[in-house]
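# Analysis of the macromolecular model
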Amino acid sequence: MRFIETWTPATLVATRDLTPNVREFLIKPDQFEAAAYPVGSHINVSVTIDGLPETRSYSLVGEASSHGLRIAVRRAEDSRGGSRYMWSLQPGARLDITQPASLLAVDWTRENYCLIAGGIGITPILGAAQALARRRADVTLHYAVRSRREAAYLDDLAAMLGDRLVVHASDEGSRLDMDALFASLPQGTLALFCGPMRMLDAARHAWIGAGHPLPDLRYETFGSSGTLPTETFRVRLKDSGVELEIPRERSMLDVLNASGFEVISDCKRGECGLCAIDVVDVDGEIDHRDVFFSDHQKQSNQRICACVSRARGTITVDTLLRADAV
């Protein structure tokens, strides 16, 4: 598989509040070497939610440092519990984390770069901005936030980029118009994006509408973001007589596997499609949170990525594992 997880023990060295809702965590693995990692790298962190072990993925902030690995976590009351757990930790806490891995491919030979971050999506974009600024590349960063007060790393970015940083703050009436932005970019521009799913969908449509090739829009995703609120839903297993409840803090993939209906997976971020299973019936609405399926495939509701996607109501799926085989 592409995403081989190598876990290592680590210590939470320090925390600092970047905004009222964003906290930075400095984590140092026991066997730490300050080796460079690719832009857009993330680590998985073992967390405990309602007494059960879970895994959450967080982007590494900035380029490699001798002090440890930095992540930033937004406290979200409607999350699946990972942010609440992380915010409960104090310096000295012991953690299990994976080695850094990157899913964001950057072509460093381009003449023009456009960076787009939505809210906490600034975390993987910061490292890209640092690397491009160090290379003296032609780069502009568009940072969409509710308010400057909620914009993490704003002072660092302003000092680094100057007028190449454009802040789009909703409370100032400045909203990011991606149609106009992408139409203004020269062909061959490489865009790097990180933000919530609804914003990513808009970015992809605007990018294609401006005549840019889709592979030139590279993105990091929020595996927890969707178009519907995160809530409990139910999954029926075809021909098994089994109906499972998927609580808001757990994924459908985790619940299916824990119940003996094994679903193979790899990235667990809605990107590889390996965990996709067939949907037989929908009594409610599916919230496709993956970036694997096309818009047409999502609208057809014929398959669902069990690792990140959710639903409202009840859906019936076919895992191809029959009750008499369990």
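Coordinates for the structure precede this section.
Residues numbered from 1 in each chain as written. Predicted model: local features only at pLDDT ≥ 70, side-chain atom pairs only at ≥ 80, totals over all residues. Heavy atoms only, no water.

In terms of regular secondary structure, the protein chain is built from seven helices and 17 strands. Radius of gyration (C-alpha) of the protein chain: 20 Å, near the 20 Å computed for a compact globule of 326 residues. The C-alpha extent of the protein chain, read off along each of the three principal axes, is 65 × 50 × 35 Å. The buried share of the protein chain, taken over its 326 residues, is 51%. Across the protein chain, contacts joining residues at least 24 apart in sequence account for 68% of those joining residues at least 6 apart. Accessible surface for the protein chain amounts to roughly 14900 Å². Of this, 47% is attributable to carbon and sulfur atoms. Treating the 36 positive side-chain charges of the protein chain as one cloud and the 43 negative ones as another, the clouds have centres 3 Å apart. (Helix = DSSP H or I, 4+ residues; strand = E, 2+ residues; numbered from the N terminus. Rg over C-alpha atoms; globule rule 2.2 N^0.38 Å. Buried < 20%, exposed > 50% of the residue type's maximum accessible area, 1.4 Å probe, protein only. Contact = heavy atoms within 4.5 Å. Areas by Shrake-Rupley, 256 points an atom, 1.4 Å probe, with all protein chains shown as cover. Lys, Arg positive; Asp, Glu negative; His and termini not counted. Charge placed at Lys NZ, Arg CZ, Asp CG, Glu CD.)

The next thing to look at is the packing of aromatic side chains. Within this structure, the stated rule accounts for two aromatic pairs. With a centroid separation of 5.2 Å and an interplanar angle of 70°, the aromatic rings of F292 and F293 are classed as edge-to-face. For F292, a relative accessible area of 38% puts it in the partly exposed group. Lying over the aromatic face of W87, R23 brings its terminal NZ or CZ to 4.0 Å of the ring centre. The ring of W108 carries the charged tip of R135 above its face, separated from the ring centre by 4.0 Å. (Phe/Tyr/Trp six-rings, centres within 6.5 Å; stacked < 30°, edge-to-face > 60°. Lys NZ or Arg CZ within 6 Å of the ring centre and 35° of its normal.)

The next subject is the side chain of T8. Within the fold, T8 resides in strand 1 (residues 7–19). Contact partners of T8, with chain neighbours within four places excluded, come to P29, L95, D96, I97 and Q99.

Once that is clear, we can look at the nonpolar core. With 34 residues, the main nonpolar core has L115, I122, L141, Y143 and L157 as its most contacted residues. Per element, the largest residue contribution to this core is seven residues, and it comes from helix 2 (residues 122–134). By size, the runner-up hydrophobic cluster in this structure holds 25 residues, among which are F261, V263, A276 and A306. (Core = buried A, V, L, I, M, F, W, Y, C linked by side-chain atoms within 4.5 Å.)

Here the focus is helix 2. Between the first and last C-alpha of helix 2 there are 18 Å, a value that for 13 residues agrees with the 18 Å anticipated at 1.5 Å per step. Of all 13 residues in helix 2, ten are buried, a share of seventy percent or more. All buried positions along helix 2 are accounted for by I122, T123, P124, I125, L126, G127, A128, A129, A131 and L132. Looking one or two residues past helix 2, R136 carries a phi angle of roughly 55°, positive in sign. (Expected span 1.5 Å × (residues − 1).)

Our focus in this paragraph is the environment of G118. You can see G118 is positioned in strand 8 (residues 112–118). In this structure the C-alpha to C-alpha distance between G118 and G195, which are 77 residues apart in sequence, comes to 4.4 Å.

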